[in-house]
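Take a look at the letters that make up each chain.
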Amino acid sequence: MSQVDPKIEPSWKPQLANEFHAEYFSKLKAFLVEEKSKHVIFPPGDKIFEAFNRVPFDKVKVVILGQDPYHNVGQAHGLCFSVQKGIALPPSLKNIYKELLSDLNIAPATSGNLDKWTDQGVFLLNATLTVRAHEAGSHQKKGWETFTDKVIQIISEKKENVVFILWGAYAQQKIKLIDASKHCIIKSAHPSPLSAHNGFWGSKPFSKTNEYLISKGIKPIDWDLSK
């Protein structure tokens with residue numbers, strides 16, 4: 001099976017080489033080529049691995065796990081929960097900002113672009129990295145989850161003292177991939193308006209993350225996006 005060679009930040013390549021060699025990844029690439037010939041796919045091709053490109057492997061301090069990219073025009077740019085500048089804030093992100101205000105008294109940003117978090121080592125990973133326009137979940141179970149499960153596992157195995165923020169039942173299924181003896185797992189309900197009242201409000205993920213990082217001698221995250 002020939003190796004797929006995606007454009008991805010160089011520090012990830014040796015970590016993920018076995019995946020790029022794997023048969024499932026070749027099938028995934030063939031599926032995406034076929035999809036692109038018939039449909040609009042989000043995010044744009046050069047943004048599919050944006051989470052990796054913005055946070056080199058050795059810089060990962062926090063992992064926030066999402067499920068699917070946004071599927072409307074102009075929203076998705078390869079980072080979970082984040083939207084491009086100038087795009088209206090999606091409901092889950094509005095709730096993330098509300099909890100940030102409650103937790104750390106940080107006023108909600110007007111932009112939904114979370115690049116500033118990634119600059120500090122916050123790895124914003126969706127379980128599925130692509131989606132067909134206007135069809136939520138359309139690229140699930142095509143191979144992406146196999147790949148991103150391996151990403152989580154590799155981070156767990158090869159790094160120490162990473163904070164994994166798992167919002168909602170789907171993200172919490174990934175706990176089995178994480179070694180809780182050497183990492184911090186913060187879990188709560190999902191910030192979606194459908195579930196935020198079930199335990200997302202008041203869960204204080206941002207202050208808990210920083211308390212853990214500080215306890216390990218690691219620089220905390222400046223979560224304020226308004227500066």
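Residues numbered from 1 in each chain as written. Predicted model: local features only at pLDDT ≥ 70, side-chain atom pairs only at ≥ 80, totals over all residues. Heavy atoms only, no water.

1. Comments concerning the side chain of S138
(1) Moving on: Its location among the elements puts S138 in the loop between β4 (131–132) and α6 (144–158).
(2) Moving on: For S138, a relative accessible area of 18% translates into the label buried.
(3) Moving on: A polar contact of 2.9 Å, which involves the side chain of S138, links it to the backbone nitrogen of R132.
(4) Moving on: A distance of 2.7 Å separates a polar side-chain atom of S138 from the backbone oxygen of E135.
(5) Moving on: Among all residues touching S138, those that are not within four sequence positions of it are F31, D68, V131 and R132. (Helix = DSSP H or I, 4+ residues; strand = E, 2+ residues; numbered from the N terminus. Buried < 20%, exposed > 50% of the residue type's maximum accessible area, 1.4 Å probe, protein only. Polar contact = N/O pair within 3.5 Å; in protein donor to acceptor, adjacent residues only side chain to side chain. Contact = heavy atoms within 4.5 Å.)

2. A look at the pattern of salt bridges
(1) Moving on: Going through the model one piece at a time under the given rule, you end up with nine salt bridges.
(2) Moving on: The partner of E35 in a salt bridge is R132, with the nearest N and O atoms 2.8 Å apart. In this pair, E35 sits in helix α2 (residues 23–38) while R132 sits in strand β4, placing the two residues 97 residues apart along the sequence.
(3) Moving on: Put simply, R54 and D119 hold a salt bridge, and the shortest N to O gap is 2.6 Å. Here R54, found in helix α3 (residues 50–54), pairs with D119, found in the loop between α5 (115–118) and β3 (122–126); they are 65 residues apart in sequence, far enough to count as distant.
(4) Moving on: Take D119: its relative accessible area is 55%, and that puts it in the exposed class.
(5) Moving on: Among the ionic contacts, a cluster of salt bridges with common partners joins E35, R132 and E135. (Salt bridge = Lys/Arg side-chain N within 4 Å of Asp/Glu carboxyl O.)

3. Quick notes on the packing of α2 against α6
(1) Moving on: At a minimum axis separation of 9 Å, α2 and α6 run at an interaxial angle of 130 degrees. Taken together, the axes of α2 and α6 lie oblique to each other. Judged by the twist between their axes, the crossing of α2 over α6 is left-handed. Contacts between α2 and α6 involve Y24, F25, L28 and L32 from the first element and W144, T146 and F147 from the second.
(2) Moving on: For the contact of α2 with α6, a count of residues per class yields six nonpolar, one polar and no charged. (Axes fitted to C-alpha atoms, helices over the stretch in contact; angles between N-to-C directions. Parallel < 35°, antiparallel > 145°, perpendicular 65-115°, else oblique. Left-handed = near helix turned anticlockwise from the far one by under 90°. Nonpolar A, V, L, I, M, F, W, Y, C, P; charged D, E, K, R; others polar.)

4. A closer look at the packing of aromatic side chains
(1) Moving on: Taken as a whole and assessed by the stated rule, the structure comprises 21 aromatic pairs.
(2) Moving on: Between W12 and F57 the ring centres are 5.2 Å apart and the planes differ by 80 degrees, which places this aromatic pair in the edge-to-face class. Taken together, the residues W12 in the segment before α1 (13–21) and F57 in the loop between α3 and β2 (62–66) connect sequence positions 45 residues apart. Grouping residues by exposure puts W12 and F57 together as buried.
(3) Moving on: Through successive ring pairs, a cluster of aromatic residues spans W12, F20, Y24, F25, F49, F52, F57, F123, W144 and F147.
(4) Moving on: Over the face of the ring belonging to F57 we find K159, whose NZ or CZ atom lies 5.2 Å from the ring centre. (Phe/Tyr/Trp six-rings, centres within 6.5 Å; stacked < 30°, edge-to-face > 60°. Lys NZ or Arg CZ within 6 Å of the ring centre and 35° of its normal.)

5. Quick look at unusual backbone geometry
Excluding glycine, residues mostly have negative phi values, and the peptide bonds linking residues are mostly trans.
(1) Moving on: In this chain, F42 is followed by P43 through a cis amide linkage whose omega measures -10 degrees.
(2) Moving on: Following the sequence through the fold, P43 ends up in the loop between β1 (41–42) and α3.
(3) Moving on: Phi is positive for N105, which is not a glycine, with a value near 55 degrees.
(4) Moving on: The residue H134 is not glycine, and still its phi comes out positive at about 65 degrees.
(5) Moving on: Structurally, H134 can be placed in the loop between β4 and α6.

Remember that the coordinates give geometry; whether it matters functionally is a separate question.
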